[in-house]
Structure formats: C-alpha cells, structure tokens
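A look at the structure
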Amino acid sequence: MAADLLTVVPDQHTTGPGHRPRNTTAAGSPGSFVGRDESAFHRACDPQVFDWLDHVKAAAGCSHPIRLAGEVATVDRDTGQLLRAARTEDMPDGEIYKPCGNRRHAVCPSCARTYQRDAYQLLRAGLAGGKGIPDSVARHPAVFPTFTAPSFGTVHTRIVKRHTCASRRRCDCRAEPCHPRRASDPTARPCQHGQTLVCWARHEDGDPRLGQPLCLDCYDYDAQIVWNHSAPELWRRTTIAITRHLRARARQLGLPWVEQVTASGKARRVPPVKPSFGKVAEMQRRAVVHYHGIIRLDGVDPDPNAIVPPPPGLGVDDLVAAVKHTAATVAFTTRPHPTRPDGWRITWGDPDKGIDVRAITADGEVTDSRAAGYLAKYATKSTEATGHVSRRLDSDVIDLYANHQGTHPERLVDACWTLGGHRDWQQLRRWAHMLGFGGHFLTKSRRYSTTFRILRDARIIWRRTEGGHEYADEPEETTLIVGLLTYAGSGWHTTGDALLANTAAAMARERHEIAREEMTAAA
C-alpha cells in the first residue's frame, strides 16, 4: 500500500465554525454520511458512495485535506447578476474537500507530487520555452551551478570517485573509505575530547551515520545555524554580484546600452545583459542547506517584458566565469552576538571543492529536462534528511527536540534556541524547526519563467471544462465563481474515508501512468 493511503483522523479541535455534527441528516439524504466509528465497509456499502468519491476526487489522494462549508456562487462578470448558487449542505458530507497543498513529501505525498510536477514545468519552461515563455530561450546560454556551505566539522560521508552504475538514484558503486588516516598522520590523533577523527568504513547510501560528526563536541553548531539562517542573504548578494560581473564584461566588450521606456513613460538606458535565476535549496544530511541553481543569460530589449538572446560576444564561458568568480569572492559579516562580538563571516564553501558549474545543453551531460527534474525533486524535501521533523517550536515543546548534549539534530535545535534568545537574533527561534533556515526552498527571477499560480489556475480551468464540472457550460470569460466558504476542519472524518479516497486516487494514478507509458511506446 502506498505511503499516502493512511491518514490521521481529525480530533474535535480541528473543526471550525463551518463544521456541523455528522449525523444531522437522515441516511440517504444529500448531506448524509456514516458515523465516526464506522469502517470503510459501511461507507462502501452506502448507495451514494460513488457520488461521494466523485465529490472528494480533487482531494482524494491528500493525507490531510481541508474541509470547507458554505456556498459557491456563479456571478455574471458584466452585470453582477447571480446566475447559480450551490450550498455545501446539499453535497455529500455537507462539505467541500480541498487538498492541503503541502509541498513536503514526508507530510503529504500526493500534494508534494503535484508541487513537484508544477516545479518541473516551471523550471523547464525557463530553459526550453512554453507556458508563456518563448521557445527562443532554448538557445540562450545557461548553466547549472551548485553552491555548498563551508565545513563546520568532520562528518561521515560517502565518496564515489568513479561511478559505474546505470542510475545515480540507485547507486551501488563501491565507495571510498570515509576518513582514512595513517597512524603517523597528525590528524589521526585523538581530538581534545578524546575522539579519534578516523573512519575507514565504506558507507552505503542508507547508512545512518552519514552526515553525523565524528566528534559531536568539536562540531561548530553555532556557526552552522547562523550560516543556514544567512544563506538566503548570501544567495541574494551572489545574484547581484553575478549580474554586476556580466555587465562589467559587457562594458569591457564595448557593447552598447539599450534605451528602454518604463511603464510610467520615462526613458532610461540599461546594460545590454541581464541574467535570470532559478534555485532550489536542499538540506544535506549534515543539516546544512546548499543551493542547486539554473542561471540563464538574457539580453535586454527596448520592451521591458521581452525575453531576448544576449548580445553577440557574451556566451556560456562568460557566464561560467562570472559564477565561479562570484562564488569565490562574495561574503559578508553578520551582526554581532554576545557569543561572537565580531559576528560570523558568511561565505560559500571551498571554490575548488564546493562550487560545481556545468553548462546546460540540448544533448550534453546536463540537459534542460535533467536539470529541471533534479531541482524539482529537491523542492519537495526538507529537514527529514537530517532525521529531524517537527512543526514550529515554542517554549512548551522545545525540550522535546533540543538538547545540548544530545544527537546532532538536537544540538542544532538547541543552538537555534540559545542564540535566538538575544533580541537581535529572535528569528532563529522562529525557524528552529528548520534548523535556522528561514528562506524559500524554490525561488526564481520574475523574468525566468511562469508562476505556480498560473499553473494552478490552468489546472482549475481544465477541471471545470474537460473534467465535466457542473460549471463547465459557463464561459470562463463571462462568469465569475465566488466561494463564500468558511473553514470546517482538517483531515478525513474516519480512517475508512481516508482508505477509500486514497485507494481510489492511487488506482487513478496507476491508470494514468499506464496510459502515459502506452502513449510513449506508441510514439
């Protein structure tokens, strides 16, 4: 059974003002349903079970759907006339089910799968075109850089110098020894805490020791937490520095600036080159974030909204040089803290080891689809890779997750809470559940590609038209659908409801996958 087939039944406190008792209508009436203690068998025997399955179809695979109650009205855009109104009390269960929309695969696999596919389409459109982006972007120079954090202490790692596997996802190649040291090597001596920083193990990919420090007491937890918290600012400064480097290169080549007219009608001269960015933050096993990015080199047109190729003379080599130079030079110092009066120096990792920049080509090692798929995969992951999963922490539950003498994640949470006690660093406590990282896991430049909202709106329109929705006969451009809904609760009413809905969704996904494979094979 798939991981998203069993869910938690909501408690009484999860219900909202729109919720009403379950057995307020007679059996067989439009708003009726079985009691909380009934099983999936009773729901399946209900004559209206297929109506109920069709009603919850939009959220059938969700682990913790949002339930809404109220009224949905169809209004004429031109006259404001009410054309139709549908009340949720006349629907199965008396509520509308909406997916939770959580992007984290560990929380809701179904919604995370939708988010991942949207992320793939968004990222790939910026490299290949489509979704409102011109196809000409496929000819723009683009690179796939990886920015990693510096070292905060020696951790167990898996290093494969030579891959012979067919798929990196299921890599079973022989790894190198983790941290081999000869007896004569000074680094093989025990640290000040009595721990020998040597490991001859060839770790497998699922080894729980991966990412764990060889000596917990030697590890610089404060510096790692501050780096996680400062990573979004470091990325912002990096994008600015890359743009300035490319503009300086354009001046060096003598490329003319472009006259643009702003929306207010004012003319301005702007540099002839402008990079566009897309990036995903990944939480490594050692609990520090690093960034996978896509950087596309664009030109500048008199029309500010146009996406045009860069001017002749600027290519992928200039883009690679700008990224490597910036990664090696950009840095800043944080504000002071009582434990670190001079602040922490924030930089990327060792440029010779931590910065990897690869060109994106149509038929090379890194293609547009491969780069987009790689980033979309990490967009649905979070701190679960570190062994820590929690919601936002407060003083009532912090002792359950923080321990200055505990495990690696517990010490990181404790460092967040301890450093966040200072008034200028209170944001660390707010993001203690994210181990200090408070940025977005997927961001992009405005010009890079389309938006998640446009993709979601297109999916809604498709469901109302192609999906046989009751409002499909109303032209989209002449009517407006207004939901006068209130929160009724979260989660499925019973585990039986969750089992039936999630199983139906799993069967539908399987049919879609089989159909897609057949169409691909026929093509």
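Below or above, wherever it landed, is the structure these notes cover. (Residues numbered from 1 in each chain as written. Predicted model: local features only at pLDDT ≥ 70, side-chain atom pairs only at ≥ 80, totals over all residues. Heavy atoms only, no water.)

On to the overall build of the protein chain, then. For the protein chain, the helix and strand inventory stands at twelve helices and 13 strands. Looking at the protein chain as a whole, 45% of its 523 residues qualify as buried. Just so you have it, the protein chain exposes about 27,900 Å², and 51% of that area is on carbon and sulfur atoms. (Helix = DSSP H or I, 4+ residues; strand = E, 2+ residues; numbered from the N terminus. Buried < 20%, exposed > 50% of the residue type's maximum accessible area, 1.4 Å probe, protein only. Areas by Shrake-Rupley, 256 points an atom, 1.4 Å probe, with all protein chains shown as cover.)

Let's shift gears to the packing of helix α4 (residues 221-252) against helix α5 (residues 316-329). It is at 9 Å that the axes of α4 and α5 come closest, and there the two elements cross at 135 degrees. Judged by the inter-axis angle, α4 sits oblique to α5. Between α4 and α5 the crossing geometry is right-handed. Of the residues in α5, those touching α4 at T238, A241, I242, H245, L246 and R249 are D318, L319, A321, A322, V323, H325 and T326. Here the residues of the contact of α4 with α5 are counted per class, giving seven nonpolar, four polar and two charged. (Axes fitted to C-alpha atoms, helices over the stretch in contact; angles between N-to-C directions. Parallel < 35°, antiparallel > 145°, perpendicular 65-115°, else oblique. Left-handed = near helix turned anticlockwise from the far one by under 90°. Contact = heavy atoms within 4.5 Å. Nonpolar A, V, L, I, M, F, W, Y, C, P; charged D, E, K, R; others polar.)

This brings us to the environment of Q195. Mapping Q195 onto the fold places it in the loop between β4 (142-147) and α4. Separated by 21 residues in the primary sequence, Q195 and L216 have C-alpha atoms spaced 9.3 Å apart. With residues near it in sequence (within four places) discarded, Q195 still touches R189, P190, L214 and C215.

So, about the pattern of salt bridges. By the definition in use, this model includes 19 salt bridges. Across the salt bridge formed by R237 and E233, the nearest N and O atoms sit 2.8 Å from each other. With R237 and E233 both in helix α4, this residue pair falls four residues apart, about one helical turn. For R237, a relative accessible area of 33% translates into the label partly exposed. The exposure class assigned to E233 is partly exposed, which follows from its relative accessible area of 26%. What you see here is one network of salt bridges that share partners, running through R87, E89 and D90. (Salt bridge = Lys/Arg side-chain N within 4 Å of Asp/Glu carboxyl O.)

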